[in-house]
Amino acid sequence: MALLIAGGFSIGLSMVELPLSPLKLQLYSYHKWTGVSVAALLLLRVVWRRLHPPPPLPAGMPGWEVSAAHASHLLLYLLMICVPLSGWLMSSAKGVTTVYLGLWPLPNAVTRDEALGLFLGALHRTLTYALLALVALHVAAALKHHFIDRDGVLGRMFSFNRPRQ
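Residues numbered from 1 in each chain as written. Predicted model: local features only at pLDDT ≥ 70, side-chain atom pairs only at ≥ 80, totals over all residues. Heavy atoms only, no water.

Peer 1: Please explain the environment of Val36 as it appears in this structure.
Peer 2: The topology assignment puts Val36 in helix 2 (residues 22-51). You can call Val36 partly exposed: its relative accessible area is 22%. Separated by 45 residues in the primary sequence, Val36 and Ile81 place their C-alpha atoms 9.5 Å from one another. (Helix = DSSP H or I, 4+ residues; strand = E, 2+ residues; numbered from the N terminus. Buried < 20%, exposed > 50% of the residue type's maximum accessible area, 1.4 Å probe, protein only.)

Here's what the structure looks like:
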């Protein structure tokens, strides 16, 4: 998912400044396909997380760090659904149907409304940058736990680093 999000962000950043061309239209399609994929994988991820809870955080972690970890994960999940959703709503409001992988058209979520489309475009960009900032903070916190605290928090993300139960 991290690679899809990074790829979608990179495509989105590069496509907006291009002049109208077949390349720009193709990049928009790739960007939308990435967003739909992120949203679908997030749903699977939520189900997986419900069935496979993460191991507990280290007992010595301060309460504020535990609270911050839980809040940041919740916000990451929220943004991972709101960013693609706002993009889909924006496309719908601008009258551009999203066709996943060029095969399956998604129903337009709202009726065509140019003012709403502009608002949703600004919201989509804002949410995307918020997600990017939160991911950067998340990575910084993981590196802090790995290199400074040396408490195994980073290793919790990888099943091959988890102790057997």
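Peer 1: What is the right way to read unusual backbone geometry from this model?
Peer 2: At Leu101, a residue that is not glycine, the phi angle is positive and equals roughly 55 degrees. Here Leu101 falls in the partly exposed class, since its relative accessible area comes to 39%. A positive phi angle, near 50 degrees, is found at Arg150, a position not held by glycine. Examined against the element boundaries, Arg150 turns out to sit in the segment after helix 4 (114-149). Given a relative accessible area of 65%, Arg150 falls into the exposed group.

Peer 1: Looking at this model, I keep getting lost on the nonpolar core. Mind explaining?
Peer 2: Across soluble globular proteins, nonpolar side chains show a tendency to be buried alongside one another. Listed in full, the nine residues of the largest apolar core are Leu42, Leu76, Tyr77, Leu79, Met80, Val83, Leu127, Leu131 and Leu134. Sorting the residues of this core by element identifies helix 3 (63-93) and helix 4 as the ones contributing at least two each. It is helix 3 that provides the largest number of residues to this core, a total of five residues. The contact partners of Leu42, leaving out residues within four places of it in the chain, are Met1, Tyr77, Met80 and Ile81. (Core = buried A, V, L, I, M, F, W, Y, C linked by side-chain atoms within 4.5 Å. Contact = heavy atoms within 4.5 Å.)

Peer 1: How should the packing of aromatic side chains be read in this particular structure?
Peer 2: Here the distance between the centres and the angle between the planes together describe a pair of aromatic rings. All chains considered together, the criterion is met by three aromatic pairs. Here the aromatic rings of Phe9 and Tyr129 are separated by 5.8 Å at their centres, their planes lie at 85 degrees, and the arrangement is edge-to-face. Of this pair, Phe9 sits in helix 1 (residues 2-15) while Tyr129 sits in helix 4, and the two are 120 residues apart along the sequence. (Phe/Tyr/Trp six-rings, centres within 6.5 Å; stacked < 30°, edge-to-face > 60°.)

Peer 1: What should I look at first to understand helix 1 in this one?
Peer 2: Helical periodicity: at 3.6 residues per turn, an α-helix aligns residues three or four positions apart in one direction. For helix 1, spanning 14 residues, the distance from its first C-alpha to its last is 20 Å, which sits close to the expected 20 Å at 1.5 Å a residue. Along its buried surface, helix 1 packs onto helix 2. (Expected span 1.5 Å × (residues − 1).)

Peer 1: In this structure, what is going on with the side chain of Ser92? I would like to understand it.
Peer 2: Here Ser92 is to be found in helix 3. Within the local environment of Ser92, its side chain forms a polar contact with the backbone nitrogen of Ala109, the two atoms lying 2.9 Å apart. With residues near it in sequence (within four places) discarded, Ser92 still touches Pro107, Asn108, Ala109, Val110, Thr111 and Arg112. (Polar contact = N/O pair within 3.5 Å; in protein donor to acceptor, adjacent residues only side chain to side chain.)

Peer 1: What is the right way to read the pattern of salt bridges from this model?
Peer 2: Two side chains bearing opposite charge may form a pair once their charged atoms approach each other closely. In the structure shown here, the tally under the stated rule is two salt bridges. Glu65 serves as the salt-bridge partner of Lys144, at 2.8 Å between the closest nitrogen and oxygen. In this pair, Lys144 is assigned in helix 4 and Glu65 in helix 3, connecting sequence segments 79 residues apart. Owing to a relative accessible area of 29%, Lys144 belongs among the partly exposed residues under this scheme. In this structure Glu65 comes out as buried when scored by relative accessible area, which is 11%. (Salt bridge = Lys/Arg side-chain N within 4 Å of Asp/Glu carboxyl O.)

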